[in-house]
Amino acid sequence: MKQNNKQTSPQTFICSECGSAYKDKEWAEKCEAWCREHKSCNLEVISHAIENNFSKQQ
Ligand SMILES: [Zn+2]
């Protein structure tokens, strides 16, 4: 019996500005563009993240 213990995590795209993780490249790019321009995060965009700094803080 073959066992595959190697877990392949789904690919995520990280916003390099705020570190939020997205499963869609589009959202990661949107987030990054927003973060860079506004020096803050767009909560509407962030809500599409699968992981972000806001949920960790609470
Ligand atoms: Zn961001």
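Rules of the game
- Residues numbered from 1 in each chain as written.
- Predicted model: local features only at pLDDT ≥ 70, side-chain atom pairs only at ≥ 80, totals over all residues.
- Helix = DSSP H or I, 4+ residues; strand = E, 2+ residues; numbered from the N terminus.
- Buried ≥ 20, exposed ≤ 12 C-beta atoms within 10 Å, placed from the backbone.
- Contact = placed C-beta atoms within 7 Å.
- Core = buried A, V, L, I, M, F, W, Y, C linked by C-beta atoms within 7 Å.
- pLDDT = per-residue confidence, 0-100.

### Section: the overall build of the protein
Then comes step 1: A count of helices and strands for the protein gives 3 helices and 2 strands.
Then comes step 2: Helices and strands appear in the protein in the N-to-C order β-β-α-α-α.
Then comes step 3: Put simply, the protein has 58 residues, and 21% of those count as buried.
Then comes step 4: The long-range fraction of contacts in the protein, counting pairs at least 24 apart against all pairs at least 6 apart in sequence, stands at 31%.

### A closer look at the nonpolar core
Then comes step 1: Listed in full, the 10 residues of the largest apolar core are Cys15, Cys18, Tyr22, Trp27, Ala28, Cys31, Cys35, Val45, Ile46 and Ala49.
Then comes step 2: Once residues lying within four places of it in the same chain are set aside, the contact partners of Ala49 are Ser20, Ala21 and Tyr22.

### Remarks on the confidence of the model for the protein
Then comes step 1: Counting all residues, the mean pLDDT for the protein is 84, and 72% of those residues have values of 70 or more.
Then comes step 2: Within the protein, helix H3 (residues 53-57) has the poorest average pLDDT of any element, 55, and helix H1 (residues 25-38) the best, 96.

### Side note on unusual backbone geometry
Then comes step 1: Its identity is not glycine, yet Lys39 carries a phi of approximately 55°, on the positive side.
Then comes step 2: You can see Lys39 is positioned in the loop between H1 and helix H2 (43-46).

### Topic: the environment of Glu32
Then comes step 1: Topologically, Glu32 is positioned in helix H1.
Then comes step 2: For Glu32, a count of 19 C-beta atoms within 10 Å translates into the label partly exposed.
Then comes step 3: Separated by 16 residues in sequence, Glu32 and Ser16 place their C-alpha atoms 6.5 Å apart.
Then comes step 4: Setting aside residues no more than four positions away along its own chain, Glu32 makes contact with Cys15, Ser16 and Glu17.

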